[in-house]
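Structural characterization, general
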Protein chains: 2
Amino acid sequence: MFGLFLFLKIMETLNKLKENVEIILPENGLDEKLKQAKKEGRSLIIKLGFDPTAPDLHLGHAVMLKKLKEFQDLGHQIVILVGSFTAQIGDPTGKNKSRKPLSNEEVLHNAETYISQLSKIIDVEKSKIVFNSEWLDQLSSSEIIQILSKVTVAQLMHRNDFNKRFTENTPIAMHELVYPILQGFDSVKINCDIEMGGTDQLFNCTMGRQLQQTYGMDPQTVMCMPLLRGLDGKEKMSKSLNNIIGLTDAPNDMFGKTMSIPDSLIEEFLDLTTNFSLEEKQELIEQLAKGENPMNLKKLIAKNIISQYHDVKAAEEAEEFFVNQFQSQKFEEKVFEPVMISSIEAKNRITSLVELCSQLKNDVSKSAIRRLIESGAVQINNEKLTNPLIDIPLHPETKIKIGKRNFYELK
Amino acid sequence: MFGLFLFLKIMETLNKLKENVEIILPENGLDEKLKQAKKEGRSLIIKLGFDPTAPDLHLGHAVMLKKLKEFQDLGHQIVILVGSFTAQIGDPTGKNKSRKPLSNEEVLHNAETYISQLSKIIDVEKSKIVFNSEWLDQLSSSEIIQILSKVTVAQLMHRNDFNKRFTENTPIAMHELVYPILQGFDSVKINCDIEMGGTDQLFNCTMGRQLQQTYGMDPQTVMCMPLLRGLDGKEKMSKSLNNIIGLTDAPNDMFGKTMSIPDSLIEEFLDLTTNFSLEEKQELIEQLAKGENPMNLKKLIAKNIISQYHDVKAAEEAEEFFVNQFQSQKFEEKVFEPVMISSIEAKNRITSLVELCSQLKNDVSKSAIRRLIESGAVQINNEKLTNPLIDIPLHPETKIKIGKRNFYELK
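Residues numbered from 1 in each chain as written. Chains lettered and ligands numbered in written order. Predicted model: local features only at pLDDT ≥ 70, side-chain atom pairs only at ≥ 80, totals over all residues. Heavy atoms only, no water.

Concerning the packing of aromatic side chains
Put simply, the test is: Classification of ring pairs uses Phe, Tyr and Trp, with its six-membered ring standing for Trp, and accepts pairs whose centres are within 6.5 Å; under 30 degrees between planes counts as stacked, over 60 as edge-to-face, and the remaining range as tilted. Placement of a charge over a ring requires the Lys NZ or Arg CZ to be within 6 Å of the ring centre, with the centre-to-atom vector within 35 degrees of the ring normal.
Here the structure, examined in full by the defined rule, presents 7 aromatic pairs over all chains. The aromatic ring of Tyr 215 of chain A is capped on one face by Lys 150 of chain A, whose charged end is 5.3 Å from the ring centroid.

Pasting the structure below:
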């Protein structure tokens, strides 16, 4: 009787750990590793690699981090591996400008930023933070040759992006082939049991398996989490695509951004960004199918997200702010951002509508502003203006609305 | 008048240096390098790489060494680069058993053997001998990454053997791609002006050009000598193919081996292995065309070779020995190698013909011996025997001939 109970308990744990995971390699790898750890009376070593060039974490990263947290809560050892070796080298070809070499100080600074963000999800105190430059810097030239000999060119060419570039004659510098091998060697060094990553890391994580095998070790299990799509509903969430919800975003931003996702993303966000139970998620999806307004579900998701990364009170206030700011239709009730007339470049305090809007909203191109005006998305003192070249005299208390969310008042 | 004389002299030197060279890259590279050295009042640095795993030099190597000697006689600096780094690593995959890692002592010993053989052609005292482990051992992991970043995968895949293996799905271990890059880096380190090699080294030598360019240096000129074919007349001369004439072979061996080359190789041997003048070569070729017996030309070539690596007297004695040994048809006059009956494994001093011959000539497979017997190439006491299974009683003074050159007498 007790045996059955224990069995059910174990199955429950296992099912929970497998929830949302997109790939487990090998298929029974998680079961085996857990069994093995139990038999040997030890905890599993679970690795998450981190590139210290881009320390800003978003909800896409959180998908993996929450899975790590589950392992951590079961007593397993999380190892956060900072890819300091690669970061310090950057891209020696100089072609990839976003990968310039980082100094030791920059790496440390980025790692700190990263770790403080991690603490929003996992217990950093209980985690192990390691820098791979610790061992990769020490490798002698002949040791590197030894490591490289474990892998064939054809294997590396199986990685989708390498294969594509090779076929399309886009240059691949030799050192790029070396990086995934070194990432695999990291797994050897930390005795990794499970490497966690996004599905885009599958190839690199399998390198760890191969390297560990050639070093006579039991190969790690690879667990790949799905890649959360960004606000555009198309590409994966990524800072460079400017479609992210950052873990440190302010509550109002989190709310507004979540409300802006396309309806087709609702189910994915429910699954991957909220901490609703399986049953709750199921019910919400059913409601949606029955005709519930998608906006109401987005509000629930937004509040859930905010209560995870801030708190429940902040979530409620953000909802209130959003409703006041964007849902009430009265122009006058908006909160207007004051703008000093003196800060606007203009001859004799007169300027064209497109010029004025460009200066107010200078993160958008002038041609985009022009299209916004022509589509009726710009109002001056509650009056829609559609001619971009119309003259606007700059008077105090002039109120300008650009798009749905930008409100300015001249002072 | 004096200027014209000088010009003609320079042209003569240049033409001599270009004689027999199969590839000069870039085409005007030799002219340019000589001009440059003259202008800067310095000698050229000319590199020949050497793999210390196979220190036995043969006439194929001599083709390159003689060209180096020409440069040396003009006052240029020969650098013999011992590939000690690679030799000490060997083939880490363990697949290539002929490339097991060598100890420091073995490398030194092989280098010594090699250098003493070199001295048969070039002035070793005036040459510089360097070991590339001197700098490659010192490279840090990040320096290696920097070097690798200078070259793309596609460039390496242009090397014929890599391309072929990649296309045929024959594994290429990653470190194999690294070796040519490091060979190129050697040229950076020694400030190489001209790298000399066989045509099979063209790709590796161009790596040197590329690496030097990325390090802001004037790229080396590559000079590839033709690959001398071996005694079989088909494959290039190579120890592993057992078709070589070694620089340290005894005069009689040199003579016999040269006589064994197919007629189709006579012209190539005249060009690449003798030191006849252009006019002499021309005349000999004409004689051959007019119906001269090829054997007579081979004798001339053989004597010329022996007089280079031994002396004229040795050459004449070798010819005499050859004529006595192989051209006189009398079986009894041969020189028989004594073999103790006690050294032959046999029951009651009787054994089959194939078993006896196998034991006498144990560098040939039993099936090959069987075919030799069946084809009538084996004689016992001047009597041809073609049944491999016939019993042979082991009596003293029994004379055995196997093939054309192996004579034994039981004692």
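Let's talk about the environment of Pro 180 of chain A
All names here are of chain A. We count it as follows: Numbering of helices and strands runs from the N terminus; a helix is a DSSP stretch of H or I covering at least four residues, while a strand is a stretch of E covering at least two. Relative accessibility thresholds used throughout: buried, under 20% of the residue-type maximum; exposed, over 50%; partly exposed, between the two (1.4 Å probe, protein chains only). Contacts were defined at the residue level, with two residues in contact if any of their heavy atoms lie within 4.5 Å.
Mapped onto the secondary structure, Pro 180 falls in helix H10 (residues 174-189). The class for Pro 180 is buried, based on a relative accessible area of 2%. The sequence separation of Pro 180 and Met 207 amounts to 27 residues, and the corresponding C-alpha distance is 6.7 Å. Aside from chain neighbours lying at most four places away, what touches Pro 180 is Leu 156, Arg 159, Phe 162, Phe 203, Asn 204 and Met 207.

Things to note about the domain arrangement of chain A
The test is simple: Note: domain ranges come from an automatic or database domain assignment.
When cut into domains, chain A gives domain 1 (12-225), domain 2 (249-328) and domain 3 (337-410). Computed over C-alpha atoms, the centres of domain 1 of chain A and domain 3 of chain A are 48 Å apart.

Notes on the interface of chain A and chain B
Applicable threshold: The quantity reported as buried area is the accessible area (1.4 Å probe) lost by two parts once they are put together, taken as the sum for both. Whenever a carboxyl oxygen of Asp or Glu lies within 4 Å of a side-chain nitrogen of Lys or Arg, that contact is scored as a salt bridge. Pairs of N or O atoms within 3.5 Å make up the polar contacts considered here, provided that, within protein, one atom can donate a hydrogen while the other can accept it, and that residues adjacent in sequence are counted only when both atoms are side-chain atoms. Only Asp, Glu, Lys and Arg are considered charged in this grouping, and only Ala, Val, Leu, Ile, Met, Phe, Trp, Tyr, Cys and Pro are considered nonpolar; every other residue, Gly among them, is considered polar.
Across the contact, 31 residues belong to chain A and 31 residues belong to chain B. A combined buried area of about 2600 Å² lies between chain A and chain B, and 79% of that area is made up of carbon and sulfur atoms. One can count 0 salt bridges joining chain A with chain B. At the boundary of chain A and chain B, one finds 8 residue pairs in polar contact (both at pLDDT 80 or more). Counting residues per element, the ones that place at least two in the side of chain A that touches chain B are helix H4 (84-89), helix H7 (141-148), helix H8 (153-157) and H10 of chain A. Broken down by class, the residue content of the side of chain A that touches chain B amounts to 23 nonpolar, 7 polar and 1 charged.

What to know about a nonpolar patch on the surface
All names here are of chain A. Heads up, the condition is: Two joining distances apply to patches: 9 Å for like charges and 5 Å for nonpolar side chains (Val, Leu, Ile, Met, Phe, Trp, Tyr), and every residue must have over 30% relative accessible area and no salt bridge. Here the accessible surface of atoms and residues is derived via Shrake-Rupley with a 1.4 Å probe, and residues count as covered only by protein chains that are part of the display.
Among the surface-exposed residues, Leu 4, Phe 7, Leu 8 and Met 11 lie close enough to one another that they form a single nonpolar patch of about 380 Å² accessible area. Take Phe 7: it is sitting in helix H1 (residues 2-18). Look at Phe 7 and you get partly exposed, because its relative accessible area is 47%.

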